[in-house]
Amino acid sequence: MKNFINLKDIPAKDLKKILNEAKRRKVKRKKLAALEVDKDAPLKGKMLVQMFEKSSLRTRLSFYVAIRQLGGGALTLRPDELHLSKGGESIADTAKILSTFGNAFMLRTDNDQKLDNFKKYMTIPIINGLSPSSHPTQVLSDVFTIEEIKKKPISKLQICWIGDGNNNVINSLIEASVKFSFKLSIGCPKKYQPNKKLLNWSKKNKAQIKIFNDSEKAATDSDVIFTDKVVSMNDKVNKSKKIKDFKNFKVDSKVMRSAKKDSIFLHCLPRGSEVSDDVFLGKQSKVWQQALNRIYVQKSILLYSFGKLR
Ligand code: CP
Ligand code: NVA
């Protein structure tokens, strides 16, 4: 059994194995409908319990479809219906019950500490479906999408992030840049630079990261342009002020022109005003493929967590 909480704690060789398995399974079930089970049904009879303390569309759908395709089933808990959220039951007892009834637990949380607390008491694997500080399942899936579209290892590409330099998605992208050895340029306002501790960790681990306070400079010669909402779900900020601070960091056609001609645009969704409609809906945008691929990578993450990855 293996937890999947942060990319930086998972060996690079395991992350690569997860992607290879996702690729293998995606090709194999091309003609199957969404809920038809993979031939080998590797998680037959297993139950994934998922709980969302914050909104979700893609993560919820993709984990549900993923466990079903592997032969298992999913139960989604609403935190407001549990005793836990009202202070009527401890994490320790909740974790014990989850571990007795279920076989894996996927948690989207508003508090990183909760992942650690659950981990302490669970005897089944726990998967981080987004926390204030990381979004590892998203970013691993994005590496999959990039390699699928570009048909080469991400280590041969230059990836660019425009937007908040210190949110969950960029944090996981920084961790991924170390694990997969790719060049990462970050374009963000001075006030919103990446987390210092994470940058220090990445430097110690041979990261190839450049930070710019100019979006076109950051995008120059990149193969992939990423952005994300300026205000994240767990941000406790003055929203309109933060949006104003990012007025020069919108991904528009000018930014895309700074990148390579065959560059692609990715966005984990949901979107706000950080990308222009013509880029988001344009030819270079691969956002729908990116969203759908989450199913295949979640399947592989589940197999990894169950110790069933070859
Ligand atoms: N990208 C992503 O995690 O989407 P949801 O918040 O809808 O799950
Ligand atoms: N950074 C965003 C990602 C949403 C999937 C947020 O946390 O709201």
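For every chain, the first residue of its written sequence is number 1, and the numbers climb from 1 along that sequence. In the order they appear in the text, chains get letters beginning with A and ligands get numbers beginning with 1. Whole-chain, interface and lining totals are the exception, using all residues; otherwise, since this is a predicted model, local features are given only for residues with pLDDT of at least 70 and side-chain atom pairs are given and counted only at 80 or more. To get the side-chain values, take all heavy atoms of the structure and skip hydrogens and water.

Peer 1: Before we go on, may I ask you to explain helix α12 (residues 287-305) in this structure?
Peer 2: Think of an α-helix as turning once every 3.6 residues; residues three or four places apart then point the same way. The terminal C-alpha atoms of α12, which comprises 19 residues, lie 27 Å apart, in line with the 27 Å expected from a rise of 1.5 Å per residue. Where α12 bends most, the angle comes to about 25°, and this point is N293. Under the scheme applied here, a residue whose accessible area is under 20% of the maximum for its type counts as buried, over 50% as exposed, and between as partly exposed, the area being computed with a 1.4 Å probe on protein chains only. Secondary structure is summarised from DSSP: a helix means a run of H or I of at least four residues, a strand means a run of E of at least two, and numbering begins at the N terminus for each. Summarising burial for α12: 15 of the 19 residues are buried, a large majority. Taken from the residues just after α12, G307 is the one with a positive phi, measuring 70°. Multiplying 1.5 Å by the residue count of a helix minus one yields the expected span of that helix. Values of bend correspond, residue by residue, to the angle between axes fitted over the seven residues ending at that residue and the seven starting there.

Peer 1: Is there a simple way to think about the layout of surface pockets in this case?
Peer 2: To find leftover empty space, a probe the size of one water molecule is rolled over the atoms. Residues are said to line a cavity or pocket when one of their atoms sits within 4 Å of a point; the points come from a 1 Å grid over protein atoms alone, cavities being sets where a 1.4 Å probe fits but cannot get out and pockets being open sets with protein on both sides within 12 Å along at least five of seven lines. Grid points are joined across faces, edges and corners, and a volume is the space filled by probe spheres set on the points. Taken as a whole, the largest pocket spans an internal volume of roughly 520 Å³. Around the largest pocket, the lining comprises 21 residues; the ones closest to its centre are N6, K8, D9, S133 and E175. Elements with a minimum of two residues in the lining of the largest pocket: α4 (112-121), α6 (168-179) and α7 (196-204). Ranked by the residues each element gives to the lining of the largest pocket, the list is headed by α4, at five residues. Of the residues in the lining of the largest pocket, the class split is seven nonpolar, seven polar and seven charged. Mapped onto the lining of the second largest pocket, the elements with two or more residues apiece are α1 (12-28) and α5 (136-150). In terms of residues, the lining of the second largest pocket owes the most to one element, α1, which gives six residues. Put simply, Ala, Val, Leu, Ile, Met, Phe, Trp, Tyr, Cys and Pro go in the nonpolar bin, Asp, Glu, Lys and Arg in the charged bin, and everything else, Gly too, in the polar bin. Among the residues forming the lining of the second largest pocket, the class breakdown is six nonpolar, two polar and eight charged.

Peer 1: Is there a simple way to think about the packing of α5 against α12 in this case?
Peer 2: Two measures define how a pair of helices packs: the angle their axes make with one another and the distance between the axes. At a closest axis distance of 8 Å, the pairing of α5 and α12 adopts a crossing angle of 115°. One way to sum up the angle between α5 and α12 is to call them roughly perpendicular. The two elements α5 and α12 meet at a crossing, and its hand is right-handed. Side by side, α5 and α12 meet where T137, Q138, L140, S141, D142, F144, T145, E148 and I149 of the first sit next to Q289, Q290, N293, R294, V297, Q298 and I301 of the second. Split into classes, the residues belonging to the contact of α5 with α12 amount to five nonpolar, eight polar and three charged. Here the axes come from fitting lines to C-alpha atoms, over the contacting stretch only for helices, and the angles between their N-to-C directions go from 0 to 180 degrees. An angle below 35 degrees is read as roughly parallel, one above 145 as roughly antiparallel, one from 65 to 115 as roughly perpendicular, and any other as oblique. Less than a right angle of anticlockwise turn of the near helix away from the far helix marks a crossing as left-handed, whereas a clockwise turn marks it as right-handed. Throughout, a contact is declared for two residues whenever any of their heavy atoms are within 4.5 Å.

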